[in-house]
Amino acid sequence: MTAANREVSLGMPQLPAPAYPAEVLARLEADAEKVIARYPGSRSALLPLLHLVQSEEGYVSRTGMAFCADRLGLTTAEVTAVATFYSMYRRRPSGDYQVGVCTNTLCAVMGGDAIFDRLKEHLDVGNGETTEDGKVTLEHIECNAACDFAPVVMVNWEFFDNQTPESATRLVDDLIAGRTVEPTRGAPLCTYKDTARILAGFPDERPGAVEASGGAGAASLIGLKLAKGEAAPHARVVGQRGETPQDAPPQKGAEHLSSHDAPQQTSASDPEHPAGPAAEEGE
Ligand code: FES
């Protein structure tokens, strides 16, 4: 029974999704087979298959969802439920570059809200909207576990740390002008479709991409170093894109520290000033 038939049998008749061209269908079927083979149960392959169809059209279309349903023996309703739950799947055609501004709590108070407002005005688009030239889609994004580098902007899921309204404006201008931009850390930037293919589990074959993508940033490792009794790197103010760091000399492994990453003095680290009960007035 095909996905469309299953839906009709459930009393949810729907116009069939447009078909992929034969060449595209053959290619996707071959790729889908490789993805499905990785899992003991085929339905476990749904998330990577959604990325795979997203890599074809830049978003998860009805055609893509019907393809996933047919390959995995699911209903399109089941596939739709998953595709609409996760924000990494787009439901409509969007820009070449998804510029996501983290406006979760920490990034918001560190400047994420101001960045988002500035980009909205600069690009003349709202949340989830795309510039007229089809280059940039602006979005609020949720916390990407990079709070130590707040405020964070992500382009096609690559990190641009410690941003300001000015640096983020330069970033989108560079993207629109076709100038090369380099993420603060991680793999080099690629198109949204290429990103989706990597997320489907196909290797990133660009030279140096794998080496560049591993490892936690220095700011994320400070707590671990302190817990191990190792000296934490000295804090310094990160220069925004194209600017120079402001204070302490750069130290190996500390390239991405930001001013708010500085280990704070505590009674343990500052025995001369132990914490204690507040002194009574007049003592
Ligand atoms: S709040 Fe922005 S990365 Fe966590």
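Residues numbered from 1 in each chain as written. Predicted model: local features only at pLDDT ≥ 70, side-chain atom pairs only at ≥ 80, totals over all residues. Heavy atoms only, no water.

(A) Spotlight on helix H8 (residues 192-199). Considered for burial, the residues of H8 that qualify are Tyr-192, Thr-195 and Ala-196. Seen end-on, H8 carries its buried residues on one side only, within an arc spanning 100°. Next to the buried residues of H8 lie helix H3 (46-57) and strand E1 (97-102). (Buried < 20%, exposed > 50% of the residue type's maximum accessible area, 1.4 Å probe, protein only. Helix = DSSP H or I, 4+ residues; strand = E, 2+ residues; numbered from the N terminus. Arc of directions from axis to C-beta. Contact = heavy atoms within 4.5 Å.)

(B) Geometry of the pattern of salt bridges. Following the criterion strictly, the structure yields eight salt bridges and no others. The partner of Arg-27 in a salt bridge is Glu-23, with the nearest N and O atoms 3.2 Å apart. Linking Arg-27 with Glu-23, this pair stays in helix H2 (residues 22-36), spanning four residues, or about one helical turn. Arg-27 gets classed as partly exposed once you look at its relative accessible area, which sits at 36%. The class of Glu-23 is exposed, set by a relative accessible area of 52%. Between Lys-34 and Asp-31 there is a salt bridge, with its nearest N and O atoms 3.9 Å apart. A residue pair is termed a helical-turn pair when its members lie 3 or 4 positions apart in one helix, as Lys-34 and Asp-31 do in helix H2 at three residues. In this structure, a network of salt bridges that share partners links the residues Glu-23, Arg-27 and Glu-56. (Salt bridge = Lys/Arg side-chain N within 4 Å of Asp/Glu carboxyl O.)

By themselves, these are just geometric observations and shouldn't be taken as functional.
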